[in-house]
Structure formats: C-alpha cells, structure tokens
Amino acid sequence: MFKKPSGESKDLQVRDAPLRNSDRRKLKQHIIRAFSLDPDIGEELVPDGLLSVKFKTHTDEPGVAYLGPGGDPLWFTLGIGSEDMIPTVYTLWKKPDLLPFLSTPSAVIPVLVGGADLMIPGALRNIFRHSTRIGSPLAVGHMAVDSDILSEAAAAKGKAVFVLHAWNDHLFDMGQKGNPPDPWEMSHSAADDQQAIEDEDDTENHVSKEPLVEALVSHLEQTQLKDPAPTIELTKEDVSSILHDALLQAMKTTLSSSQTSALPMPASTFYSTYILPSRPAQSPSRPSVSTPIDIKHSSHKSLAYFLKSAEKQGLLKLKEIKSELMVFSVATSHANVVAHRPYLSLKDVSLRNEKRGQREDEERTRVKELEVTELWKPHLQSLKFFADAGFDTSARYTHTDIKAVLDKYVTDRRLVNAHDQSYINVGADELLQTTVICKSDNPANMEFFKREQVIERLSDKMQSWYKICAEGRDPVLKKGQIKPISVVIKVRQGRKATTLITGFEPFLLEAVSLAEELKTRCASSTSVSPAPGKSSGMEVLVQGKQIKEVTELLASRGVPKRWVQTEGGGKK
C-alpha cells in the first residue's frame, strides 16, 4: 500500500490538522473497545497532541493517519469514511501482542518489507516449542485466506496476508524512522493459547509446517513476479447483493429528491444510468473480483425481475407502458436507503479521474505569473554608507533588504527616536545625514525623518535595477527603473478611439506578436511604430476601446496585474 511514493509527488500527499481533545477522547474510546485494551494502555497508544493527516497513496487510495507528538504515525485508516483503525509498526512496537500475528523466516524479511505480500508457505507455525521470544512486528495487513488453509502450508500456494503497511515504507518514513527494537518476550498464557491452536491444526492435518528457507524465498520471489494477482469468484447471490447495494447507493447519492425530475424512464436506462455506475469501486488493498457484476451473473433471471423485487420492498414503483417497463418513482426516504452507508463507487472514481484530468489540463495551460523584482545597487553617495556600515557595495538589494540594512544601522548606533520609534534621529549621525540629505533640503529641518522616508531617500541615492523571472527561461537582470505597462485610451479625430500600449518590452513581450494577437482577439486593426521620445521601445495601437481585451491578454502572458497601468475606459 505504501511501498511506492505518490504519483504526483515524491512522498504521500498529506494535509494535516491538529486533533481536538474531544475527538482524541472519542478515538481513544473507539480503539479501547475495538482492541479490548485497558484505559492506561489506550492512553499510551492514543496520546495527547495527536495530529490528523489526510493522505492519498500512489494508487490514489484515500486515508487518514494519526501522528503522535513526536511525528510518528500511530494509526491509520484506508477508504473514505472508514472507521477501521489499523495500528502502524510504531504502535505494534509499543504493544506487540495488539493483533494476532504470523511469523516468517528471517531470510524472507527483506522481500516482505520491500513491498511483497506474505505467501502461504512463508507463514511459519510451531514457533513456541522452545522459546517465547520473537522478533518485533515488521508489517501489518489482513488475511488473504482462511486461517485453516495456513495449516496446509506445505502444499498450499498463494498469498496468506495482504500487507498494508511495513517497516521502512513511505508511511513509516513520515515518522522518526529507526530500526526495530529487540525481540520481545511473549507471555506464557498467550504463547500456550497460540501453541494449542497450532497443535490442533497439526493433529488434524499431519503435515510439516517449516519448509526450507532457501526454497521458501525462491518460491516467494517467483510467485510475486510471475503469479497473477489472486482473484475472487462471486456467487450469483453475491452479485445480486452488490447490485441491490448499488441501487441503494444511487438512491441515496444521485437520486435525491431534487434529482428525480428525469423520472419516469425506461428500466434499461435507469439500470445503465444509475445502478451500474453505483457499483463499488475495486480497492487496491483487496483481491480483485473475476466475476462480472451485472444482471446476467446475478440470481435474477432478468432486469425486470430485479426491479420488481426492489418494488416489493417499497424502494421504487414500476409500470409497463406499451410492453416497456418504466421506473416511475423511487422512495429516497425508505428506511433501507436512510440506513445505507455510502461507499466509493465506480462513478466516484470516474468523476475523480475526470477532475484530476481537468486539473492537469489547467496546470498545463495555466501561465505562471512573471516574477518581477525591483533592485537597488549602492552608487555614488550611497556607496560610502554601505561600505562604512559593513555591507557589500557590489550587491543588489530589494526593498526588504534595504530596510534590514537601515534597521541594523540605526539599532547599532542607537538612532531610533526615544519619543516615537517610527522616527530616526538622522541629524545625530553625520554619515546617514550626508547620504539621505538633498541640496534643496533645509538642514534645520533635517533632524528627524520617518523610517519609510529614510528608506525612500536611501533607495533614491542608489542605482535602479530589476530582475524578471519567467518559467522555462533564464532570468533577465537589467539596469534601470522598471515601469508598468501603459494601456491608454486616446480619442482622435472627434469620436474615433484607439488603445495605445507602451512599455511592454521589459516584460519579455514583442511588439509584432502582441499586435498580431490583439488583432485576432479584438477583431480590430492594429499597428506597430516606434514610441516617441528618447525611448528605444515600440508602441502598439489598436482601433477601439480595448482595455479589457488588452489587460486579459497581458495577464495570459504572465504580466502581474499591478504592473499594468490603464487610463481611460468604456465599452468598445
């Protein structure tokens, strides 16, 4: 179950949340009842500070893990809404006799913890004849066969246990990891009970239970690689029961009182639209079912017999019109429908896969926004300030960096105003005053400055730079002050309006391609010409009032909204 990482990340996909005290107490009582534990043991296995973690495995199986205060996963569930608490190996190391257990030769352990299920020949018996010391638990799972079959291990083949979680898998790696503890001493009463059961099996079957280790490992590896996964054949009664549950599932989830407007409808349409999609989805942790789950393989002779059986139970009403059986209504308030517990259906899996596909398509088509960073480099008057303050004069600083530099400088020299900490005593430091003062300033009024004002004056004395990072392209670092793209509506020759776009080159946009795309998007003529003035940039002109279309196009190219400045407006 956890032998591979998630399909969308390098580990399990997790979303965590702290467990409330009331929820923890309910969980503890549930575990105490389920495993017949003393309250003190329950407190140890469900400690304070528990964290609830939702996850999905690499097979997309949803579940919930419960992490202890130290981060070790202690319990987990599998499936939507499951209340079956499964202990992890961390919990079994604390209480090894919490679950019934099987043993296996030490040579099989590497194969087992590597993700293999436990095969029937590997389920050793008679291990308590000479000692009650056994190794620490290394895996937890559920039985794949009846326990009586294990007594025939010398001849039987197939899997004994479907392993859900093992030492060193991805669930285990969520915790503090580590090696298994030393072997533990099993109580004599428990060992005697286990031995009595095994002796009874020996008497009945008279077969050896301990195959050679070498042969066992070879058989296990060959079976894991070559044998097909075990399957289950259902009886006709089993199929009928599953179809009945599918009807209840459809009535409780899809055919709610607000969704029955499609009725009446032909029975065959009702069957294919509601019943078949509501069959339970196959769980990766369970053996696969080889029997098709449909009317042909059920105990009912036809769909009509199946639906009439449901009608006798009061679940729906049927009527035959012109030799065609019609479903007229369903009783969504029926006691059996109300008591039905929803499960993961084929429809749910299909919708989930469809949504995942949509999300993947959106991710592929979504343009990642450009990262635009304004930078400043020490220059001229500010060079001495940065040098004397002990900072790198060749580095480029963000606004946050400049603030940190100033904060350290004024703190070290105690320049913060004692009466108002938002002010800095600029006049008390000659270097700072010389750096931020301008020729037009009156020295008499230069005693105090607000912190943000000092930062602004300091950045004005530095050289402007900017950096733009785009996905899949090398970062662009250039000298100069970056300005927003200008999108302006201009009215010429009376009422004729045009939209003018300038200043787009720093944002990795080209005039010709921008004009061509706007021509198609706006269904208007466009033109490209050099921008007036000393600027070496270009301008794009679009006929009509096109601010909405232009801003949407710029956003689709990754230009952040705050770097687009519009003027004018109105409809096209």
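Please refer to the structure higher up on the page.
Asker: Please give an account of the overall build of the chain that cites residues and values.
Answerer: Of the regular secondary structure elements, the chain holds 18 helices and 25 strands. For the chain, buried positions account for 40% of its 572 residues. The contacts of the chain with a sequence gap of at least 6 include a subset with a gap of at least 24, amounting to 62%. When the accessible surface of the chain is totalled, it reaches about 32300 Å², and 50% of it is carbon and sulfur.

Asker: Tell me about the environment of Lys-368, and name the residues and values.
Answerer: Within the secondary structure layout, Lys-368 lies in the loop between α12 (346–365) and β16 (371–377). Judged by relative accessible area, Lys-368 falls into the partly exposed class, the value being 49%. Taking the C-alpha atoms as reference, Lys-368 lies 9.2 Å from Val-559; in sequence the two are 191 residues apart.

Asker: Mind laying out the nonpolar core, listing which residues take part and the relevant values?
Answerer: Core analysis: the biggest nonpolar cluster contains 35 residues, and Leu-27, Ile-31, Tyr-66, Trp-75 and Phe-76 have the highest contact counts within it. Within the residue set of this core, elements represented by two or more residues are α1 (21–35), β2 (51–56), β3 (62–67), β4 (73–78), α3 (89–94) and α4 (109–113). Formed by 31 residues, the second largest nonpolar core is a distinct cluster that contains Leu-248, Ile-293, Leu-316 and Val-327.

Asker: Can you lay out the environment of Glu-567 for me, pointing to particular residues and giving the numbers?
Answerer: Within the fold, Glu-567 resides in strand β25 (residues 564–567). Separated by 20 residues in the primary sequence, Glu-567 and Ile-547 have C-alpha atoms spaced 8.6 Å apart. Discounting residues that sit within four places of it in the chain, Glu-567 has contacts with Val-487, Val-488, Ile-489 and Ile-547.

Asker: Break down the packing of aromatic side chains for me, citing the residues and quoting the values.
Answerer: Enumeration according to the criterion identifies nine aromatic pairs in this entry. Where Tyr-90 meets Trp-93, the ring centres are 5.8 Å apart and the plane angle is 65°; that geometry is what we call edge-to-face. Of the two residues, Tyr-90 and Trp-93 both sit in helix α3, three residues apart, roughly one turn of that helix. Both residues of the pair, Tyr-90 and Trp-93, belong to the buried class. Ring centres of Phe-386 and Tyr-397 lie 5.0 Å apart, and the angle between their planes is 40°; on these two criteria the pair is classed as tilted. Taken as a pair, Phe-386 in helix α13 (residues 381–388) and Tyr-397 in the loop between α13 and α14 (399–412) lie far apart in primary sequence, 11 residues in all. Comparing Phe-386 with Tyr-397 shows no difference in burial state: the two are buried.

Asker: Please set out the sheet that holds strand β9 (residues 159–166) residue by residue, giving values where relevant.
Answerer: Across a sheet, strands are paired by hydrogen bonds formed along the backbone, either parallel or antiparallel in direction. Spatial strand order, β6-β9-β8: three strands in an open sheet with antiparallel pairing. Single-partner strands in this sheet number two, and they are β6 (118–119) and β8 (139–143). The pairing of β8 with β9 spans five bridges and is antiparallel. Note on β9: the bridge partner recorded for Gly-141 is Val-163.

Asker: Explain helix α10 (residues 303–312) residue by residue, including any values.
Answerer: Inspection of α10 places Leu-303, Phe-306, Leu-307 and Ala-310 among the buried residues, and these make up the whole buried set. For α10, the angular spread of the buried residues around the axis is 90°, confining them to a single face. Of the exposed residues in α10, those oriented more than 90 degrees away from the buried face are Tyr-305 and Lys-312. Those residues of α10 that are buried are in contact with α8 (236–253), α9 (267–275), β14 (316–321) and β15 (324–330).

Asker: Residues and numbers for the sheet that holds strand β23 (residues 526–530), please.
Answerer: On the basis of which strands lie adjacent, the open sheet formed by five strands has the order β23-β24-β22-β21-β25 and mixed pairing. The sheet is open, and its two edges are formed by β23 and β25, each paired on a single side. If you compare each strand with its neighbour and ignore which way they point, the axes differ by 20° on average. Here four bridges tie strand β21 (residues 485–492) to β25, and the two strands are oriented parallel to one another. Across the sheet, Val-487 pairs through a bridge with Thr-566, a residue of β25. Sheet contacts for helix α17 (residues 511–522): β22 (496–502), β23 and β24 (538–543); angle to β24, the most-contacted strand, approximately 10°.

Asker: Please set out unusual backbone geometry residue by residue, giving values where relevant.
Answerer: Within the chain, Ser-36 stands out as a residue other than glycine whose phi angle is a positive 55°. On the secondary structure map, Ser-36 appears in the loop between α1 and α2 (39–45). Judged by relative accessible area, Ser-36 falls into the exposed class, the value being 66%. Not every positive phi belongs to a glycine, and Ala-523 is a case in point at roughly 55°. In this structure, Ala-523 sits in the loop between α17 and β23. Using a relative accessible area of 66% as the deciding quantity, one classes Ala-523 as exposed.

Asker: If you had to explain the packing of α9 against α10 to someone new, which residues and values would you point to?
Answerer: At their nearest, the axes of α9 and α10 sit 10 Å apart, and the two run at 75° to each other. Relative to α10, α9 is oriented roughly perpendicular. Listed contacts from α10 to Ala-267, Ser-268, Phe-270, Tyr-271 and Ile-275 of α9 are Leu-303, Phe-306 and Leu-307. Considering only residue class, the contact of α9 with α10 consists of seven nonpolar, one polar and no charged.

Asker: Got a sec to walk through the packing of α14 against helix α16 (residues 451–460)? Specific residues and values, please.
Answerer: Between α14 and α16, the shortest axis-to-axis distance is 10 Å and the interhelical angle comes to 115°. α14 and α16 meet at a crossing whose hand is right-handed. Counted together, His-399, Ile-402, Lys-403, Leu-406, Asp-407 and Val-410 of α14 and Arg-451, Glu-452, Val-454, Ile-455, Leu-458 and Ser-459 of α16 form the full contact between these two elements. Taken together, the residues of the contact of α14 with α16 sort by class into six nonpolar, two polar and four charged.

Asker: Break down the pattern of salt bridges for me, with residues and values.
Answerer: Counted by the stated rule, this structure contains 13 salt bridges. Across the pair Lys-95 and Asp-97 runs a salt bridge whose closest N-O atoms are separated by 3.2 Å. A salt bridge links Arg-557 to Glu-517, with the shortest nitrogen-to-oxygen separation between them at 2.6 Å. One end of the pair, Arg-557, is in the loop between α18 (547–556) and β25; the other, Glu-517, is in helix α17, and 40 residues separate them in sequence. Taking the relative accessible area as the measure of exposure, Glu-517 reaches 29% and is therefore partly exposed. Where salt bridges share partners, they join Arg-24, Lys-28, Glu-43 and Asp-48 into one cluster.

Asker: Tell me what's going on with α16, and back it up with residues and numbers.
Answerer: For the α-helix, the turn length of 3.6 residues means that residues three or four positions removed from each other point alike. All of the buried residues in α16 are Arg-451, Val-454, Ile-455, Arg-457, Leu-458 and Ser-459. In this structure, the buried side of α16 is in contact with β16, α13, α14, β17 (423–424), α15 (430–436) and β18 (449–450).

What counts, and at which threshold
- Residues numbered from 1 in each chain as written.
- Predicted model: local features only at pLDDT ≥ 70, side-chain atom pairs only at ≥ 80, totals over all residues.
- Heavy atoms only, no water.
- Helix = DSSP H or I, 4+ residues; strand = E, 2+ residues; numbered from the N terminus.
- Buried < 20%, exposed > 50% of the residue type's maximum accessible area, 1.4 Å probe, protein only.
- Contact = heavy atoms within 4.5 Å.
- Areas by Shrake-Rupley, 256 points an atom, 1.4 Å probe, with all protein chains shown as cover.
- Core = buried A, V, L, I, M, F, W, Y, C linked by side-chain atoms within 4.5 Å.
- Phe/Tyr/Trp six-rings, centres within 6.5 Å; stacked < 30°, edge-to-face > 60°.
- Pairing = 2+ DSSP bridges.
- Arc of directions from axis to C-beta.
- Axes fitted to C-alpha atoms, helices over the stretch in contact; angles between N-to-C directions.
- Parallel < 35°, antiparallel > 145°, perpendicular 65-115°, else oblique.
- Nonpolar A, V, L, I, M, F, W, Y, C, P; charged D, E, K, R; others polar.
- Left-handed = near helix turned anticlockwise from the far one by under 90°.
- Salt bridge = Lys/Arg side-chain N within 4 Å of Asp/Glu carboxyl O.

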